[in-house]
Amino acid sequence: MIKKHEIYKTDKWNMMTVEVQGRYIVLREISDQWGEETHTFLSRPALMQWVNNRFNKESYKDNEEEYNRIMTAFKQV
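None of the values given here were measured: they were computed from a predicted structure.

Definitions and cut-offs
- Residues numbered from 1 in each chain as written.
- Predicted model: local features only at pLDDT ≥ 70, side-chain atom pairs only at ≥ 80, totals over all residues.
- Heavy atoms only, no water.
- Helix = DSSP H or I, 4+ residues; strand = E, 2+ residues; numbered from the N terminus.
- Rg over C-alpha atoms; globule rule 2.2 N^0.38 Å.
- Buried < 20%, exposed > 50% of the residue type's maximum accessible area, 1.4 Å probe, protein only.
- Polar contact = N/O pair within 3.5 Å; in protein donor to acceptor, adjacent residues only side chain to side chain.
- Contact = heavy atoms within 4.5 Å.
- Salt bridge = Lys/Arg side-chain N within 4 Å of Asp/Glu carboxyl O.
- Phe/Tyr/Trp six-rings, centres within 6.5 Å; stacked < 30°, edge-to-face > 60°.

**With respect to the overall build of the chain**
Here's step 1: In terms of regular secondary structure, the chain is built from two helices and four strands.
Here's step 2: The order of α-helices and β-strands along the chain, N terminus first, is β-β-β-β-α-α.
Here's step 3: Taken over C-alpha atoms, the radius of gyration comes to 12 Å for the chain, in line with the 11 Å a tight globule of 77 residues would show.
Here's step 4: With respect to the principal axes defined by its C-alpha atoms, the chain has extents near 40 × 25 × 15 Å.
Here's step 5: Taken over 77 residues, the chain has a buried fraction of 36%.

Right, dumping it as structure tokens:
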């Protein structure tokens, strides 16, 4: 059984989805700068470690509401 979570989407070229496929967590990040990147995690703590490195709180100083929304969405995976 696959559960799909949409974390954020600004348009069809800037989005991130997470699929829980049994014991694997597959994250797909699509951006207009880098194309599509896929990351596979074996646990939620490994996913959250990646998230904390990828979405640095300092980068969202001006938009803390968006940072909180993204982090809440990842915690619900």
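**Description of the side chain of Ser31**
Here's step 1: Take Ser31: it is sitting in strand 3 (residues 24–31).
Here's step 2: For Ser31, a relative accessible area of 16% corresponds to the buried category.
Here's step 3: Of the polar contacts made by the side chain of Ser31, one reaches the backbone nitrogen of Trp34; its length is 3.0 Å.
Here's step 4: The residues touching Ser31, leaving out its near neighbours within four places in the chain, are Trp13 and Asn14.

**Section: the pattern of salt bridges**
Here's step 1: Applying the stated criterion across every chain, the model contains four salt bridges.
Here's step 2: Here Arg28 makes a salt bridge to Glu36, at a shortest N to O gap of 3.8 Å.
Here's step 3: A salt bridge links Glu29 to Arg54, with the shortest nitrogen-to-oxygen separation between them at 2.5 Å. Taken as a pair, Glu29 in strand 3 and Arg54 in helix 1 (residues 44–54) lie far apart in primary sequence, 25 residues in all.
Here's step 4: With relative accessibility at 8%, the residue Glu29 sits in the buried group.
Here's step 5: According to the relative accessible area criterion, Arg54 is partly exposed, its value standing at 36%.
Here's step 6: What you see here is one network of salt bridges that share partners, running through Glu19, Arg28 and Glu36.

**A few points about the packing of aromatic side chains**
Here's step 1: Enumeration according to the criterion identifies four aromatic pairs in this entry.
Here's step 2: Consider the rings of Phe41 and Trp50, whose centres lie 6.0 Å apart with planes at 55°: the pair is tilted. In this pair, the class of Phe41 matches that of Trp50, namely buried.
Here's step 3: Taking the centre distance of 6.3 Å and the plane angle of 45° together, the rings of Phe55 and Tyr60 count as tilted.

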